[in-house]
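Structural characterization, general
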Amino acid sequence: IFTKIAGPRLKRMHDSGAGHYELATICMVFDATLRCGGSHMYRFCFMDGELGPADGAGFVFDTKVRRRPLGQMRAVFMNQRGFICLRKGSDVSKSPVRLPRLGLGMYLSLNMDLDRCSARFEISDAEGHSKGSADVGLEALFDDCLGSDQLRSGFFCAVVTGNITVGLY
């Protein structure tokens, strides 16, 4: 269980000059164990607090557990709005699959099969009732690194922005 207290929000002007918006501080919460090959199950919960628009959770592909700038990561994740997304460095693409929005008390189960290059995301409520699931094949989406160890290893990671308590089981 991890609790984050948000730092001060920074005011920024939109690139087009259209208006101001606030940026929250970003915190990455991750499993400290590198997973190499095999199938790995994670169960993650937003337990208390408030979710921000940038909040989400998923799996970072890497050859060691480390903090990197988001723009240097390769990951599959589900964002707070329920979209399954792929990050290749600074490029983020949303799949057409959408699950229920993440909310307090909801559980995100992630089964990463590193041998088959696939991920299964499932959302359930506090009582354990499934609200939706999606299977994602990763080989075609990460075709530029097939055959390398980078697609066969990594770690669970969540991004949180507000005052929030989360749990990883």
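Heads up: the structure comes first, above all this text.
First, a word on what this report is: a plain description of the structure on this page. (Residues numbered from 1 in each chain as written. Predicted model: local features only at pLDDT ≥ 70, side-chain atom pairs only at ≥ 80, totals over all residues. Heavy atoms only, no water.)

1. Considering the environment of Val92
Using the following cut-off: Strands here mean DSSP runs of E at least two residues long; helices mean DSSP runs of H or I at least four residues long; both are numbered from the N terminus. Each residue gets one of three labels from its accessible area relative to the maximum for its type: buried under 20%, exposed over 50%, partly exposed in between, using a 1.4 Å probe on protein chains only. Only heavy atoms enter the contact rule, under which two residues are in contact if any of them lie within 4.5 Å.
The topology assignment puts Val92 in strand 10 (residues 91-98). Residue Val92 is classed as partly exposed on the basis of its relative accessible area, which comes to 42%. As a C-alpha pair, Val92 and Gly71 span 21 residues in sequence and 9.3 Å in three-dimensional space. The contacts of Val92, once residues within four sequence positions are left out, are Phe77, Cys85, Leu86 and Arg87.

2. A short note on the pairing of strand 11 (residues 107-113)
Rules: Paired strands, as defined in this entry, are two strands with at least two bridges between them according to DSSP.
Most of strand 11 sits out of view: six of its seven residues are buried. Strand direction decides the pairing type here: strand 6 (residues 39-49) and strand 11, joined by seven bridges, are antiparallel. Each bridged residue has a counterpart across the sheet, and for Arg43 the counterpart in strand 11 is Ser109. With antiparallel pairing between neighbouring strands as the criterion, strand 11 and strand 12 (residues 118-124) make up a hairpin whose turn holds four residues, including Cys117 at a positive phi of roughly 55 degrees.

3. Focus: the side chain of Gln80
Note that Gln80 resides in the loop between strand 8 (74-79) and strand 9 (83-88). With residues near it in sequence (within four places) discarded, Gln80 still touches Leu51, Gly52, Pro53, Asp55, Gly56, Arg101 and Leu102.

4. Quick notes on the nonpolar core
Most often, soluble globular proteins keep nonpolar side chains buried together rather than apart. To be explicit about the condition: Residues belong to one nonpolar core when they are buried, are Ala, Val, Leu, Ile, Met, Phe, Trp, Tyr or Cys, and are joined through side-chain atoms within 4.5 Å.
Ranked by internal contacts, the top residues of the largest apolar core, which has 32 residues, are Val76, Met112, Phe121 and Leu138. Aside from chain neighbours lying at most four places away, what touches Leu138 is Phe61, Val76, Leu86, Met112, Cys117, Ser118 and Ala119. Val60, Met73, Ala75 and Cys157 belong to the second largest nonpolar core, which has five residues in total.

5. Description of the side chain of Asn79
Test applied: Two N or O atoms count as a polar contact when they lie within 3.5 Å, although within protein this holds only if one can serve as hydrogen donor and the other as acceptor, and sequence-adjacent residues are included solely when both atoms are side-chain atoms.
Along the chain, Asn79 falls in strand 8. Within the local environment of Asn79, its side chain forms a polar contact with the backbone nitrogen of Arg81, the two atoms lying 3.0 Å apart. Beyond its immediate chain neighbours, meaning those up to four positions away, Asn79 contacts Asp55, Gly56, Cys85 and Leu102.

These figures capture arrangement, not role.
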